[in-house]
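# Report on the structure
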Amino acid sequence: MLDEQALDRALAADPDGTLALVADLVHATDESLRARARKLAARLVLDRSRSGRPVRSGTARPRLVPAGQGGDLDVDASLDGILTARGERRPADLDELAARDWGRQDLAVCLLVDASGSMSGERLAVAATVAAACALRAPGQHAVIAFAGDVRTLRHLHGQDPAASVVDRVLALRGHGVTQLADALRAASAELAGARAQRRVVVLLSDCRHTDEDPLPVARTVPDLVVLAPRDDAEQAHAFAAAAGARCAELDGADSAPALLRDLL
């Protein structure tokens, strides 16, 4: 069972460890616990990723954003979320609704999530939090791609998937297989080719070990590459970033991810 009061106490005492525990529960064998944990994990990830949102400047234009970010509710764009919630006899969550506000779409981001290693617990929580932070910082133009033995697009650059759905897909990842990093970098470049933003950034969440072709020639063609490495396994990521001309930083748990991503972007 999930005791929400105990969860609040645990989050206050050890936010990273608690979020990692909830991420592990997403794969629980008990069906009802697994379903509840998925909703809870997505909510916790989104809540923690909202810290430190930057203020944009420059020429503004109307855009659709999740209603949780503010703006004026767009009923037409929110109908799917409203109808889904009504069919389930519950109020619609803010992330299921769309709002229209004014902002400059000057940033496009493609997040590459390495799912070849141990994608459970803390690393799973970190990946989900970074995905949510990308959604908040480039709501209209962000993509999420997972890679291991194959390359899977979890959200296309101009997709309409709400952040909660994308976070749920990241939380469902299981580590397995080889690491096709070169193919993942090619997929990221292909996604960003259609971006309207002036700045296009590939954020690579990985220890940068690879088991296919040498990814460095492809990495050197990416104009703006940021590598986020696990703090306990970052040596190869730093070497890869230096050789590729990329920036590299170490993630110290899920709670540090939003602020670190904000600084790097």
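About the cut-offs
- Residues numbered from 1 in each chain as written.
- Predicted model: local features only at pLDDT ≥ 70, side-chain atom pairs only at ≥ 80, totals over all residues.
- Heavy atoms only, no water.
- Helix = DSSP H or I, 4+ residues; strand = E, 2+ residues; numbered from the N terminus.
- Buried < 20%, exposed > 50% of the residue type's maximum accessible area, 1.4 Å probe, protein only.
- Contact = heavy atoms within 4.5 Å.
- Areas by Shrake-Rupley, 256 points an atom, 1.4 Å probe, with all protein chains shown as cover.
- Lys, Arg positive; Asp, Glu negative; His and termini not counted.
- Salt bridge = Lys/Arg side-chain N within 4 Å of Asp/Glu carboxyl O.
- Polar contact = N/O pair within 3.5 Å; in protein donor to acceptor, adjacent residues only side chain to side chain.
- Patch = residues over 30% accessible without salt bridge, like charges linked within 9 Å, V, L, I, M, F, W, Y side chains within 5 Å.
- pLDDT = per-residue confidence, 0-100.
- Core = buried A, V, L, I, M, F, W, Y, C linked by side-chain atoms within 4.5 Å.
- Pairing = 2+ DSSP bridges.

## Quick word on the overall build of the protein chain
- The helix and strand tally for the protein chain stands at 10 helices and nine strands.
- Put simply, the protein chain has 265 residues, and 48% of those count as buried.
- Of the contacts made within the protein chain by residues no fewer than 6 positions apart, 72% connect residues no fewer than 24 positions apart.
- Of the roughly 12,500 Å² of accessible surface on the protein chain, 50% is carried by carbon and sulfur atoms.

## Observations concerning the side chain of R155
- Along the polypeptide, R155 turns up in strand 6 (residues 151-155).
- Among buried Asp, Glu, Lys and Arg side chains, R155 stands out as unpaired, with D161 the closest opposite charge at 4.5 Å.
- One polar contact links the side chain of R155 to the main-chain carbonyl oxygen of H142, over a distance of 2.6 Å.
- Not counting residues up to four positions away in its chain, the partners in contact with R155 are P139, H142, A143, V144, Q160, D161 and V166.

## Remarks on a nonpolar patch on the surface
- A cluster of nonpolar residues, L73, V75, L79, I82 and L83, forms a patch on the protein surface that exposes about 430 Å² of accessible area.
- Tallying contributions element by element places helix 4 (residues 75-87) first for the nonpolar patch, with four residues.
- Note on placement: V75 falls in helix 4.

## Concerning the confidence of the model for the protein chain
- Looking at the protein chain, pLDDT values average 83 and 89% of them are 70 or higher.
- Overall, residues 52-60 carries pLDDT values under 50, and its contacts beyond four positions in sequence, including any with other chains, amount to 19 contacts.

## Some details on the nonpolar core
- Grouped together as the largest cluster of nonpolar side chains are 51 residues, with contacts concentrated most on L111, V130 and L228.
- Counting residues per element, this core draws most heavily on helix 5 (residues 121-137), which supplies 11 residues.
- Leave out the neighbours within four places in its chain, and L111 touches A127, V130, A131, C134, A143, V144, I145, V203 and L205.

## Focus on the pairing of strand 4 (residues 107-114)
- Counted residue by residue, strand 4 has eight buried out of eight residues, so it is predominantly covered.
- Side chains L107, V109, L111 and V113 of strand 4 all project onto a buried face; the interleaved residues A108, C110, L112 and D114 project onto the opposite face, where all are buried too.
- Looking at chain direction, strand 4 and strand 7 (residues 199-205) are connected through seven bridges and run parallel. Bridge assignment links L112 to a residue of strand 7, and that residue is L204.
- As judged from the six bridges shared by strand 4 and strand 5 (residues 142-147), these two strands associate in the parallel manner. Considered in strand 5, the bridge of V109 is made with H142.

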